[in-house]
Amino acid sequence: MKLPKIDLEELKKFKEQNFRERMEFIDKYADWVKKQSNKKWSSEQKKIIDS
Amino acid sequence: MLVMNIKYSNIIILEKELSNLDEFTINFTKKLNQSKTKYAIVSGYVSILFGRNRASEDIDLILERMTFDKFQKIWIDLVLDFECLNTDDPKTAYSEYLINGISIRFSRKKEYLPNMEIKFPKNELDQWTIENSREVKINNNTIYISPLELQIPFKIWLGTEKDLEDARYLYQLFKKDINKEIMTKFNRQLKIEDTFNRMIA
C-alpha cells in the first residue's frame, strides 16, 4: 500500500491555525455567554456535559 | 458588578441549571462545608462551573492538612454517599496516601465517574490557594474555588491546548473584575508573561 507523504511543517501550521481558530471561538463563546441569561447558557451547557 | 449575571464581589453568586458534574461537586463539598474544612477546587472544573463546554472525569481539590481524627470524622460522613476508589480504610487513606503526597479519589457509591481527586497541600502555593480560596454561591450552595488570579496563570503554565482554552475563557469572563496586580505577579513568578500577552490577553 502506498502511503501518503507527510509534510510535518505543513501539519504544524494546520495545528497552529486550528488552535488559533479554537481560541477565537472561545472568545466568541465567552461573549455569547455574557449576553445570555444564566438559564439559557447553563441549559445549553447541561445538554453537552450530560450527553 | 455583573458578569454573565454573576455577582462578582468577595463572593461570586451564580444561578444556573446544574449539570451532573455540578451536582456531584455540590453534594461532595457540602460535607466539607458542614465540618468547616478549608479546601479549594483547582481543576478545569472552575472553568466548567462558569460555562465552559467540556467534560471532565475528575475534579481536583486541595484539602487543608489535618489530624487523623478530624480526617476520620469527615471520612465517616463522606462514605455515607461516596466511596473512596483507593481504599476503604481511612487510616490507609490518611497515612499511606495523603500524608505521603498521594491523592485519593471519591466517587458516588457504585459509580466510577466523575470522581473527586483530593490531596493535601504540597507546597506554599497550594497552601496559599486554600487560604485565599474564593467563595462561590451556586444556586444557594457554597463551594470554594482557587482564586482566579492564580487559576488563570496556573492554567497557562500547565500549557496544554485545553488548559490555555480554559485560561482564555476565564480571562474573557472575568477580566474586568480580577485583581490584575496579583495576576501579573503570578504571571511573572511562573514565567508565563509572554504566553499570557500572546495568547490570553
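Residues numbered from 1 in each chain as written. Chains lettered and ligands numbered in written order. Predicted model: local features only at pLDDT ≥ 70, side-chain atom pairs only at ≥ 80, totals over all residues. Heavy atoms only, no water.

Caption draft 1: A look at the overall build of chain B. Across its full length, chain B carries 9 helices and 10 strands. Its C-alpha radius of gyration of 17 Å places chain B within 12% of the 17 Å reference for a compact globule of 201 residues. Across its three principal directions, the C-alpha atoms of chain B cover 50 × 35 × 30 Å. Intrachain contacts of chain B at a sequence separation of at least 6 include 65% that bridge at least 24 residues. With 30 positive and 30 negative side-chain charges, chain B shows a spacing of 4 Å between the two charge centroids. (Helix = DSSP H or I, 4+ residues; strand = E, 2+ residues; numbered from the N terminus. Rg over C-alpha atoms; globule rule 2.2 N^0.38 Å. Contact = heavy atoms within 4.5 Å. Lys, Arg positive; Asp, Glu negative; His and termini not counted. Charge placed at Lys NZ, Arg CZ, Asp CG, Glu CD.)

Caption draft 2: Just the side chain of serine 146 of chain B, in detail. Residue and element names in this part refer to chain B. Structurally, serine 146 can be placed in the loop between β10 (141–145) and α6 (148–158). A residue is classified by how much of its surface remains accessible, and serine 146, at 2% relative accessible area, is buried. Within the structure, serine 146 has its side chain in polar contact with the side chain of glutamine 151 (distance 3.4 Å). (Buried < 20%, exposed > 50% of the residue type's maximum accessible area, 1.4 Å probe, protein only. Polar contact = N/O pair within 3.5 Å; in protein donor to acceptor, adjacent residues only side chain to side chain.)

Caption draft 3: Spatial organisation of the interface of chain B and chain A. Taken together, the contacts link 26 residues of chain B with 22 residues of chain A. The contact between chain B and chain A buries some 2,300 Å² in all, and 57% of this surface belongs to carbon and sulfur atoms. Linking chain B with chain A are 2 salt bridges, by the criterion used here. Across the pair glutamate 165 of chain B and arginine 22 of chain A runs a salt bridge whose closest N-O atoms are separated by 3.0 Å. (Buried area = accessible area lost by both parts, 1.4 Å probe. Salt bridge = Lys/Arg side-chain N within 4 Å of Asp/Glu carboxyl O.)

Caption draft 4: View of the packing of aromatic side chains. All names here are of chain B. The final tally for this structure, using the stated rule, is 17 aromatic pairs over all chains. Between tyrosine 94 and phenylalanine 120, the aromatic rings sit 6.0 Å apart at their centres with planes inclined by 75°, giving edge-to-face as the arrangement. Note that tyrosine 94 is positioned in helix α4 (residues 90–97) and phenylalanine 120 in the loop between β8 (115–119) and α5 (124–131), a separation of 26 residues in sequence. For phenylalanine 120, a relative accessible area of 2% corresponds to the buried category. Among the aromatic residues, ring-to-ring pairing joins Phe24, Phe28, Phe68, Phe71, Trp75, Phe82, Tyr94, Phe106 and Phe120 into one connected group. Sitting above the plane of the phenylalanine 68 ring, lysine 91 keeps its charged end 4.4 Å from the centroid. (Phe/Tyr/Trp six-rings, centres within 6.5 Å; stacked < 30°, edge-to-face > 60°. Lys NZ or Arg CZ within 6 Å of the ring centre and 35° of its normal.)

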